[in-house]
Every structure is written in structure tokens, then in C-alpha cells.
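Observations on chain architecture
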Amino acid sequence: MSLLNKFIKNQIKEPYILVCSSKAQMLYSKELLDKNHVENEFIPTPKGFGGVCTTAIKFDKKFQNEVENIVKKHKVDYQGIFSLENRYKYDLHEIYDMNVSKQFKNIVKKVEANIDLQKEEVKFLLEIKNKEEYDALIKMADKIRRECVGDRIELRAAIEFSNYCIKNCNYCGVRRDNTTHRYRMSKEEILNEVAKLHNVGIKTVILQSGEDPYYTTDMILSIVKEIKDKYRMGITLSIGERDEEEYKIYSEAGVNNYLLKIETASKRLFDKIHPDDSYEDRVRHHELIKNAGIRLGSGGMIGLPSQTIDEIAEDILFQREFGVHMIGFGPFLPASGTPYSEESKGDLELTLKVVAITRIVCQHVFLPATTAIASLHPEGQTLALEAGANTIMLISTPEHLRENYQIYSKKNMVDLSFAIQSTKDSQRKLPKYLNFGYIRELGYEIEDKLID
Ligand code: 5AD
Ligand code: SF4
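Remember, it's a predicted structure, so these values are computed and weren't measured experimentally. (Residues numbered from 1 in each chain as written. Chains lettered and ligands numbered in written order. Predicted model: local features only at pLDDT ≥ 70, side-chain atom pairs only at ≥ 80, totals over all residues. Heavy atoms only, no water.)

Next up on the list: the nonpolar core. Formed by 114 residues in total, the largest nonpolar core has its most connected members in Phe 104, Leu 155, Leu 207 and Leu 237. It is helix α14 (residues 348–362) that provides the largest number of residues to this core, a total of 10 residues. The residues contacting Leu 237, other than those within four sequence positions of it, are Leu 207, Ile 220, Val 224, Tyr 250, Val 255, Asn 257, Tyr 258 and Leu 259. Within the second largest apolar cluster, 15 residues are counted, among which are Tyr 16, Cys 20, Leu 32 and Leu 33. (Core = buried A, V, L, I, M, F, W, Y, C linked by side-chain atoms within 4.5 Å. Buried < 20%, exposed > 50% of the residue type's maximum accessible area, 1.4 Å probe, protein only. Helix = DSSP H or I, 4+ residues; strand = E, 2+ residues; numbered from the N terminus. Contact = heavy atoms within 4.5 Å.)

Attention now goes to the site of ligand 1. The local shell around ligand 1 consists of Tyr 171, Cys 172, Lys 261, Glu 263, Met 301, Pro 331, Phe 332, Leu 333, Ile 407 and Tyr 408. Between an oxygen atom of ligand 1 and a side-chain N or O atom of Glu 263, the distance comes to 2.5 Å. Within the contact set of ligand 1, a nitrogen atom lies 2.6 Å away from a backbone nitrogen or oxygen of Leu 333. Of the residues assigned to the shell around ligand 1, the class counts are 8 nonpolar, no polar and 2 charged. (Near = heavy atom within 4 Å. Polar contact = N/O pair within 3.5 Å; in protein donor to acceptor, adjacent residues only side chain to side chain. Nonpolar A, V, L, I, M, F, W, Y, C, P; charged D, E, K, R; others polar.)

Looking now at unusual backbone geometry. Trans peptide bonds make up the majority, and among non-glycine residues the majority have a negative phi. Notably, Arg 232 is not glycine yet its phi reads approximately 50°, a positive angle. Look at Arg 232 and you get exposed, because its relative accessible area is 69%. At Ser 306, a residue that is not glycine, the phi angle is positive and equals roughly 75°. Its place among the elements puts Ser 306 in the loop between β9 (295–302) and α13 (309–321).

Now for the site of ligand 2. Lining the immediate environment of ligand 2, one finds Cys 165, Lys 167, Cys 169, Tyr 171, Cys 172, Val 174, Arg 175, Gly 210 and Glu 211. When atoms are counted within 2 Å of each cavity's grid points, the one that captures over half of ligand 2 is the largest cavity. Looking at the shell around ligand 2 residue by residue, the classes come out as 5 nonpolar, 1 polar and 3 charged. (1 Å grid on protein atoms, 1.4 Å probe; cavity = no way out; pocket = protein on both sides within 12 Å on 5 of 7 lines; lining within 4 Å. Sits in = over half its atoms within 2 Å of the grid points.)

Approximately 710 Å³ is the volume attributed to the largest pocket. Counted by class, the lining of the largest pocket contains 15 nonpolar, 10 polar and 9 charged residues. (Points joined across faces, edges and corners; volume = space filled by probe spheres on them.)

With that settled, the discussion passes to empty space enclosed by the protein. Scanning all chains against the criterion turns up 3 cavities of 30 Å³ or more. When its volume is computed, the largest cavity comes out at roughly 880 Å³. What lines the largest cavity is a set of 40 residues, and nearest its centre among them are Gln 208, Ser 238, Lys 261, Glu 263 and Ile 407. For the lining of the largest cavity, the secondary structure elements donating two or more residues are β6 (204–209), β9, β10 (326–331) and α15 (371–376). A total of 4 residues in the lining of the largest cavity trace back to one element, the largest contributor, which is β10. Among the residues making up the lining of the largest cavity, the classes are represented as 19 nonpolar, 12 polar and 9 charged. Put simply, the second largest cavity is a space of about 50 Å³. In this structure, the second largest cavity is lined by Arg 156, Ile 206, Thr 236, Asn 257, Tyr 258, Leu 259, Arg 295, Leu 296, Gly 297 and Met 326. Listed by contribution, the elements that provide at least two residues to the lining of the second largest cavity are β8 (257–259) and β9. For the lining of the second largest cavity, the per-class residue count stands at 5 nonpolar, 3 polar and 2 charged.

A separate point is the sheet that holds strand β5 (residues 154–162). Sheet architecture is open: 7 strands sit in the order β10-β9-β8-β7-β6-β5-β11, paired in parallel fashion. Edge positions in the sheet fall to β10 and β11 (391–395), since each of these pairs with one other strand and no more. Within the sheet, the average angular offset between the axes of one strand and its neighbour, ignoring direction, is 25°. As paired elements, β6 and strand β7 (residues 234–238) share 5 bridges and run parallel to each other. Bridge pairing in β7 links Gln 208 to Ser 238. Packed on one face of the sheet, helix α18 (residues 416–425) meets β5 and β11 and runs near 160° to β11. (Pairing = 2+ DSSP bridges. Axes fitted to C-alpha atoms, helices over the stretch in contact; angles between N-to-C directions.)

Spatially, the 4 strands line up as an open sheet ordered β2-β3-β1-β4, and their pairing is antiparallel. Lying at the two open borders of the sheet, with one neighbouring strand each, are β2 (41–44) and β4 (78–83). Pairs of neighbouring strands in the sheet enclose a mean axial angle of 30°, with direction left out of account. Of the strand pairs in this sheet, strand β1 (residues 15–20) and β4 are connected by 5 bridges, and their pairing is antiparallel.

What follows covers the environment of His 377. With respect to the helices and strands, the residue His 377 is situated in the loop between α15 and α16 (380–386). In the structure, His 377 is positioned 30 residues away from Asp 347 in sequence and 10.0 Å away in space, judged by C-alpha atoms.

Another point: helix α5 (residues 102–112). Within an α-helix, residues lying three or four positions from one another point in the same direction, as the helix has 3.6 residues per turn. Every buried residue belonging to α5 is among Phe 104, Ile 107, Val 108 and Val 111, and all of these are buried. Across the axial projection of α5, the buried residues extend over an arc of 105°, all falling on one side. Looking at the packing, one finds that the buried side of α5 touches α4 (93–96), α6 (119–126), α7 (131–149) and α14. Taken from the residues just after α5, Asn 114 is the one with a positive phi, measuring 60°. (Arc of directions from axis to C-beta.)

See the structure below:
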């Protein structure tokens, strides 16, 4: 079966999950199940069965005994095999009691019982027009966000270490044909920035670049290893499509996450906006990254030229079907010098609806309030945090270079002070793992009640 069909038809009717005790055991189990022809896939561990950043193996009930026999026979160290019928249930009576239509109430009931929403229901939510239902949608997402990931904002920092790119994506300001000053950071420069993040107490660094083969596997690996050795930080790579072997090498070196967005789950639109890529390949890379044992970051753009509501509904469901751990949805923003420079930007409310519905549909995952939404509207980041998002990405590229990483025009260079303000405005908490002694020395006033 092609991956595309798998996405459409792959609705396991009675899902079960296997939760292992470590990443090594999880990879080993997947190998065993694959060898025994048990259809299975990695998904973010659902609420109630493990932490927000852990991974479980999903399979159909019909394989339950077989899976149990296999893991026992091979002495896999596992925490359990669970039916997803016994999933965590939500209490949404407050939403149910709001002034909303019968159709909306039916959806609330399904979400309460934790029954997967179908495409028609997602479309209904995307098409909400009246204020009461919009407010109810945001409130429902906020409630699920609180139960799944709490009030603490996860702070990550991105170093955009090269803006060279061999690709020519129609929407992107650093596409190959765009004239812009190109730069590459050396390993030393990158590590210098990582040291600053470490001082602030940031736990995960995102190494991001255009698709730039100048950085070979060995170069990336040596940067990864040094960060791991010196700082023990989590690492997210966002360096475009690489090959299967490479993902495995990065996984073994301890890379935790890999960000490679689908951008749009519609083949029609994907192929239209990506002159150098194929939809099937991008989907395949999603599988390769996950199967290497790296948590997958995906997501996409809302309001792309000619994009339909039907396609956006599929974008959201794609994230659930592909078991994505970190889902970044932001508005499309026109970038000067690109074929789409005169197109209109994505809509704020529609993007917020997408964030909210993604939280409701995918639940136990990281949802960033993206830089793009912070660039679209001065309060975009706060509004996204109030609509289900829980993660902020700081731009930590050296100041003299960051202006050159304009994937879209008028980018908001989200920094620590902006993130602190959004955290306060959305009445959330800063993570206690930050180094507040140092942050206060830098001149920030942070009350203890802001820390969780
Ligand atoms: N508008 C919004 N987001 C964009 N990205 C790239 N170009 C644009 C744009 N014009 C996003 C894509 C990409 C990430 C690096 O930035 O989602 O994956
Ligand atoms: Fe390159 Fe990524 Fe921009 Fe495409 S979206 S042109 S791959 S940096």
C-alpha cells in the first residue's frame, strides 16, 4: 500500500498501544513487530499513558496477543499494553453549557469521550462564523491544553546557522533564486550561541538552516556531539530532507527531534508550491525520521494561495495520523522577491482556529505559538497560547545575521523579553528549569509566581 493510501485508509478501528521503558527498547520492539508483519507505528504517547514527549507503538486489537507473545519471548522491557478505549476522559460541561449549536454540542460530547473527530467535524469547526462558537472552540482547546500539558510554557531556541538553500520553494524568502546576503556559521560560532542559551537555562536548541549540503553528516554530527558532551541539551535538527542512514546516525548521536514540515497535506498544493520536492517523498521522510527513533516535528502554513478549508482539515488530521509530536501551524506570509510576494497573507482567526482544533485532535503534543503568527499580529503569540499552544521558539541567531534569515518579510524576532511578555499576557508560567538568577541579572524582573 502506498504511503498516501495508508494515510487515508489507515484508520485502526480498535487501537492498542505498547509503551516501552526506553527508546532502545521501543526501537527494538518496532523491529520485532515489523519482522513479524504486525502493522504498527510510532505515535506520541496519549494522555494518561506516559509523558508528553514520549512515544508509544500503536497497533490494532487483532494483534494484541501476538504483540504480547513477541515482547515476552524477546524479554522486551515494557511498561504495558493498553487499549485506547480506556483513554483519558475530559470534563467539558462548561463548554457544553455555552450558547452553541446542536452540531457543536455533539462535537463537544465526542471530545469529552475522547472519540477521534472525523474530517466533516473538523471542517465544521474550521467554518465557525459566530462569536459564541468561536469562543467556545478556543475555550475547549485551552481546557484540553491545560489537562494535557499544564500551564508551563516550553521555551526553545533556534539558531538559524545557514541561509544557503538548494531549493526554490515558491513561498520562501531564502529560496535559491532570491537575492539576499548569504551566510554560514562555523561550528565555533554555533557553539558560542549554544553556550549563551545554556547560561539562560534553555533545555532544547533548534539547529535550523536552509537545505545546505555544505554541512555534511560529519559536520552536523560533530556539532551535535559537542553540544551533547558539553551541555547535555536536547537537540532539534531542522535542516531539510536528508537520507535514511543519516537520520539513524543522528538518532544514535542523541538528536531528540527533527523538524520537517509537511507544509500542506494536500498533494495538489504541495507539488504546486514546491518545484524541487515531491509530496510522496516528504511523506516518506516523515516515516523515516520517526522510524529512526527521532520525534517528528511537522505542521504547515495556513492561507497559502488557493488553499481550501477541505485541505486545511486534512492538514490537521494528517498530524494525528502520522503521530507528529510537535506541530507548528502558522499563517502564510508573503516574502519579498518570491513568486508569491503579492499574494495575501493568512488570516489570524483561521490560523487560531487551526491551532485550537489541532490541540483538540492531537492533544498530548507540543504546539508552538509560531514565529509566523507572532509576525502576523502583535498579539498573535499570546492569542495562540490562549488557543491551545504551549511552546515558544526564541530566535537566537546572532544579531548581525538574523536579518538575512527572512523566510518571510517583517519577521518578528521573538526574543526572551517578548516571550516573557506573552507568557504573562496569557497568564501562563515560565519553566522552572530556566536559570532565573542569571535572567534577573540580565535585568528582567520576574516574580516567583510566574515560575512553574
Ligand atoms: N510564510 C509563512 N511561513 C513560511 N515558512 C517559510 N516561508 C514562509 C512564508 N512565506 C515556514 C515554513 C517552513 C519554515 C522554516 O518557515 O513552514 O517550514
Ligand atoms: Fe529552502 Fe526550506 Fe525555504 Fe524551501 S522552505 S526554500 S527548503 S529554506
